[in-house]
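Listed below, chain by chain, are the residues.
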Amino acid sequence: MTDAPAHPRLLGPNEVRDLAERLGVSPTKKLGQNFVIDPNTVRKIVRLAGVDAGDRVIEIGPGLGSLTLGITEVGADVTAVEIDRRLAAELLQTARAMQPEVFADPAAPRLRVIHTDALDLSAEMLTAAPEPPEVLVANLPYNVSVPILMHLLELIPGLRGGLVMVQAEVGHRIAAGPGSKEYGAPSAKAAWYGEWRIAGTVSRRIFWPVPGVDSVLVGYERRAQPRGDEQERALVFELVNAAFAQRRKMLRQALQPVLGAFDEAVATIEAAGLAPTARAEQLGIDDFLAIARAHLTRSGVR
Ligand code: SAM
């Protein structure tokens, strides 16, 4: 039997409320501030994310530190990106107070806090750490979860995987495959980078304040080999945006803004081995890539 630590190492309901009160933080809907108050859920997220000692984790929106402490508890290093100045300023002190043994060595910082909007996060901001992050773990703010996810996947190609908590509807959209009603631009773009799966559900009661929507955990595993290069990715995303902007239309019409007028669009889609009468929801990410490659060839770029 192991001895329980003399003081809690993770934030429970009392710690979250005390901290928020001391900092004068009343959670705002605008910033999607629903804080996790359940240490069991935090440990489950860290376990499902496959985070181990020595891993370099990036966390978006650490808030009061509920998830951050679960990550440092297992011996991983964290780069935390928080938009709220008060929360960003307090995080390191909370971590030191809750887990003094983890933060005892000043030569091993273990936790870096970057105070910025995650959508503005740049490669330069990440250079404070000796090496780039390799795993993403986050309870993402609901209203901007997809743009943040896309920005991170593009910015940090070395991310080998991760686990994010998002609004259930958004999670199902990210993990959806062609042919399902949830399948859309976010699913196709997410699939460019790797495999996504619904890894679990969480009760609304683990948050303070309790949100008005359900949440799910979505797991991510990067592909062993990139599907294509940066030029192809950019064109594929343009095609995906155009196709799903008019998802009820046939590709030969919906893709004209990218591929050119009717005849050219038809010829390119056929050159990719696809039916010009197909619709966006029938195409997997490799189909979009085939169209992009046919377009690059036919327009003489490659
Ligand atoms: N990780 C904490 C937890 O699980 O208790 C807080 C999660 S809360 C759902 C979302 C957090 O993201 C908040 O701390 C909020 O201030 C922060 N946030 C919201 N928009 C952001 C953005 N654009 N960039 C960075 N952080 C953001």
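Everything numeric in this text was worked out from a predicted model, so none of it was measured.

Quick word on the domain arrangement of the chain
- According to the domain assignment, the chain contains domain 1 (13-222) and domain 2 (230-298).
- Distance between the C-alpha centres of domain 1 and domain 2: 34 Å.
- Counting residues at the interface gives 12 residues for domain 1, matched by 17 residues for domain 2.
- Both sides together, the interface formed by domain 1 and domain 2 hides about 1100 Å², and carbon and sulfur atoms give 68% of it.

Here's the deal with the site of the ligand
- What surrounds the ligand is a group of 22 residues, the closest being Val36, Gly61, Glu82, Ala118 and Asn139.
- Within the side chain of Gln33, a nitrogen or oxygen atom sits 2.9 Å from an oxygen atom of the ligand.
- Contact with the protein chains covers 98% of the free accessible surface of the ligand, which is 600 Å².
- Grouping the constituent residues of the shell around the ligand by class yields 10 nonpolar, eight polar and four charged.

Comments concerning the pairing of strand E4 (residues 111-115)
- Pairing between strand E3 (residues 77-82) and E4: five bridges, direction parallel. By the bridge assignment, Val81 is partnered in E4 with Ile114.
- Crossover E3 to E4 through helix H4 (residues 85-98) is right-handed.

Re unusual backbone geometry
- Note that the residue after Trp208, namely Pro209, is joined by a cis bond; omega there is -5°.
- Looking at where Pro209 falls in the secondary structure, it is placed in the loop between strand E8 (207-208) and strand E9 (215-222).
- Not every positive phi belongs to a glycine, and Arg110 is a case in point at roughly 65°.
- Position of Arg110 among the secondary structure elements: in the loop between H4 and E4.
- Look at Arg110 and you get buried, because its relative accessible area is 15%.

Section: the nonpolar core
- Formed by 59 residues in total, the largest nonpolar core has its most connected members in Ile58 and Ile60.
- When residues in this core are grouped by element, the largest group, eight residues, is from helix H8 (residues 230-245).
- Residues lining this core come from more than one domain, with at least three contributed by each of domain 1 (13-222) and domain 2 (230-298).
- Residues within four places of Ile60 in sequence aside, it is in contact with Val81, Ala118, Leu136, Val137, Ala138, Asn139, Leu140, Ile148 and Leu152.
- The next biggest cluster of nonpolar side chains, apart from the first, holds 39 residues, and it includes Val57, Leu69, Leu111 and Phe207.

Regarding the pattern of salt bridges
- One pass over the full model with this rule turns up 21 salt bridges.
- A salt bridge links Glu90 to Arg22; its shortest N-O distance comes to 3.1 Å. Note that Glu90 is positioned in helix H4 and Arg22 in helix H1 (residues 13-23), a separation of 68 residues in sequence.
- Of the charged contacts in the structure, one is a salt bridge between Arg204 and Asp214, with a shortest N-O distance of 2.8 Å. Highlighted residues: Arg204 in the loop between strand E7 (194-202) and E8 and Asp214 in the loop between E8 and E9, separated in sequence by 10 residues.

Definitions and limits used
Residues numbered from 1 in each chain as written. Predicted model: local features only at pLDDT ≥ 70, side-chain atom pairs only at ≥ 80, totals over all residues. Heavy atoms only, no water. Domains from an automatic or database assignment. Contact = heavy atoms within 4.5 Å. Buried area = accessible area lost by both parts, 1.4 Å probe. Near = heavy atom within 4 Å. Polar contact = N/O pair within 3.5 Å; in protein donor to acceptor, adjacent residues only side chain to side chain. Areas by Shrake-Rupley, 256 points an atom, 1.4 Å probe, with all protein chains shown as cover. Nonpolar A, V, L, I, M, F, W, Y, C, P; charged D, E, K, R; others polar. Pairing = 2+ DSSP bridges. Helix = DSSP H or I, 4+ residues; strand = E, 2+ residues; numbered from the N terminus. Right-handed = clockwise from strand over helix to strand, strands pointing away. Buried < 20%, exposed > 50% of the residue type's maximum accessible area, 1.4 Å probe, protein only. Core = buried A, V, L, I, M, F, W, Y, C linked by side-chain atoms within 4.5 Å. Salt bridge = Lys/Arg side-chain N within 4 Å of Asp/Glu carboxyl O.

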